[in-house]
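Close look at the chain arrangement
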Amino acid sequence: MQQEAIETHDHAWERLVKAAVHRAIYNAEPRALSPCLANTRTTVLKSIQQIVDEKSQKHLWLHGFPGSGKTSILFTIADELRRQGRLAGTFFFSHNNVDATMCDHIVPTLAYQLALAFPAVKSEIVRTIIDDPALLLDLKARKDQIQCLITKHLWRLQSKPPAAFIIDALDESCSPFEAVRVARLLAEAIRTCKVLGEKPLDVHIILASRPSLRIDEGAPTQGFGDIQEISLQDNDGETRTDIRRFLAHGLQRVIDSRKLSLGNVPKWPSPRQMDNLTAKVGNSFLCASIALKYISHPKKYPPSRLDAFLTSPGATADAYADLDHMYQDIIRDNSALVRHLIDIVNLAQPLSHSQLLQFFPWDQSEGLNLALEEFSSILVVSPEQPKIPIQPYHSSLIEFFADPMRCHTHYIEPTEIHRGLALQCFTILCTLKANLCDLSDHTTMACRRQVSSGINETPCFLKACNMLVVTGRTICLVEISMAY
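Predicted, not measured: the structure shown is a model, and the values here were computed from it.

With that settled, consider the pattern of salt bridges. This structure, assessed with the given rule, holds 20 salt bridges. Where E80 meets R83, a salt bridge forms, and the shortest distance between an N and an O atom there is 2.5 Å. Of this pair, E80 and R83 both sit in helix α3 (residues 70-83), three residues apart, which is roughly one turn of that helix. Across the salt bridge formed by D329 and K280, the nearest N and O atoms sit 3.1 Å from each other. Pair noted here: D329 is in helix α13 (residues 319-331) and K280 is in helix α10 (residues 271-281), with a separation of 49 residues, a long-range link. Take D329 and K280: they sit in the same class, and that class is buried. Via salt bridges that share partners, K55, K199 and D202 belong to a single interconnected network.

Next up, the structure:
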């Protein structure tokens, strides 16, 4: 009997582990994230830390334009809270995770991390799942999930400093308003839960998004309750100082790693070049990061790359325009390769280098390799890790190519892009062996649906080439076809 109980406990925990989205945890690999550079963003980090140190239910909404550093700030806060033993859970949305059901897994993912962070809570959460196995089902009411998997266990943490949940990039969810709704339900559950029937829970929620996503829009009167806004859009001198420090640190790393190739370049970069570079990237940490990636290209000469970068127009007061100028500068000398870049950013499920070479026609291999090299500053490319998916460095690149007013002559109609990718999927499909699924009787296929194009969709078809358009991007699953 005892053995049977142990197996039940282990099985319930295994179900929670499987229900969690591990790539959404803040420090999951691979992720092109890093904490803030030491001695930067000190004011905003101090403001957030003061809020989470309060014994209260005050929540926080951090908002700013693309590339303002929201995710790095929350990464830094998460690291610090984890070090203090106060991180209850994180969920970082990403433009590269386009699963339309992602919001269904916010609560299980937070509950999984809560159980790991606080062992005293783990057994209670597992017991709750044993008592109601349906808690982890997608159709379970979010309110019930939050109550049973999270808030009913938080009273055990009240002897400790306040814990915090962090949800980043709400606007990058496939369903931003559903993501906000789940966060709001969590805030409401925390507010209504009392310890020993009278004492309120001391737990905080930290949210981040672009300012265009109004988290209080359409909310009930109470909504998030006591929530403080912190904006990263202020054009303050501290941000410019931090960006200059960030650029200087990055260029020093280039100098340290490229001493032989730099030769005897005196005082590089010069004070004037640093002034011009800082002015050019404006108040955008994303522009600064892309600039460093561009200048430090491993096969290029950094001083020449810096000179080329500084010849283009400088920053404006519009952060979105600054990003557009940055992208235009990088692609202007490689117009013939831009179509490869557009195809890559329109794949909803990123592919590795080797998968890209197998997916696209062999006669495009040279251009594809050249595109990956020339556009490495705006893509996540890891030559030393060929299995790492290649994806946009930031979601703003996808938006840039989707708007004809921003990318100008490089704009391609989405239908044309997805048509080309879909045709390539069918080309691969035609090369596959019969009975790909190794069915015992492949002449009888019971699971058959009619798709909009009139093509019969069978298990073999689905396994060979699964195409899905999600938020305007085409997903092409080609791993199975590559095995044959």
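Turning next to the packing of helix α14 (residues 338-345) against helix α19 (residues 414-429). Where α14 meets α19, the closest approach of the two axes is 10 Å, and the angle between their N-to-C directions is 80°. Taken as axis vectors, α14 and α19 run roughly perpendicular relative to one another. On the side of α14, the interface is formed by R339, I342 and D343, while α19 contributes E416, I417 and L421. When the residues that make up the contact of α14 with α19 are grouped by side-chain class, the tally is three nonpolar, no polar and three charged.

If you look at the biggest cluster of nonpolar residues, it comprises 78 residues, and the most contacted ones within it are F93 and I150. If you tally residues by element for this core, the top one is helix α7 (residues 176-192), at nine residues. Residues within four places of F93 in sequence aside, it is in contact with M102, C103, I106, I167, D168, A169, L170, E172, S173 and A179. Core analysis: the next-biggest nonpolar cluster, separate from the first, contains 53 residues, L251, Y327, L347 and I412 among them.

A separate point is the side chain of H410. Here H410 lies in the loop between α18 (404-407) and α19. Ignoring anything within four residues of it in the chain, the contact list for H410 reads Q328, I331, S335, V338, I342 and F401.

Time to look at the packing of aromatic side chains. Aromatic ring pairs are defined here through the distance separating the ring centres and the angle between the ring planes. The full count for this structure, using the stated rule, is nine aromatic pairs. For the ring pair Y294 and F309, a centre distance of 5.8 Å and an interplane angle of 40° mean the geometry is tilted. You can see Y294 sitting in helix α11 (residues 285-295) and its partner F309 sitting in helix α12 (residues 302-310), a full 15 residues away along the chain. On the basis of relative accessibility, which here comes to 12%, the residue Y294 falls in the buried class. With relative accessibility at 3%, the residue F309 sits in the buried group. An aromatic cluster of at least three residues, connected via ring pairs, comprises Y26, F75 and F92. Stacked on the ring of F309, the Lys or Arg K280 has its end atom at 5.0 Å from the ring centre.

Reading the values: the criteria
- Residues numbered from 1 in each chain as written.
- Predicted model: local features only at pLDDT ≥ 70, side-chain atom pairs only at ≥ 80, totals over all residues.
- Heavy atoms only, no water.
- Salt bridge = Lys/Arg side-chain N within 4 Å of Asp/Glu carboxyl O.
- Helix = DSSP H or I, 4+ residues; strand = E, 2+ residues; numbered from the N terminus.
- Buried < 20%, exposed > 50% of the residue type's maximum accessible area, 1.4 Å probe, protein only.
- Axes fitted to C-alpha atoms, helices over the stretch in contact; angles between N-to-C directions.
- Parallel < 35°, antiparallel > 145°, perpendicular 65-115°, else oblique.
- Contact = heavy atoms within 4.5 Å.
- Nonpolar A, V, L, I, M, F, W, Y, C, P; charged D, E, K, R; others polar.
- Core = buried A, V, L, I, M, F, W, Y, C linked by side-chain atoms within 4.5 Å.
- Phe/Tyr/Trp six-rings, centres within 6.5 Å; stacked < 30°, edge-to-face > 60°.
- Lys NZ or Arg CZ within 6 Å of the ring centre and 35° of its normal.

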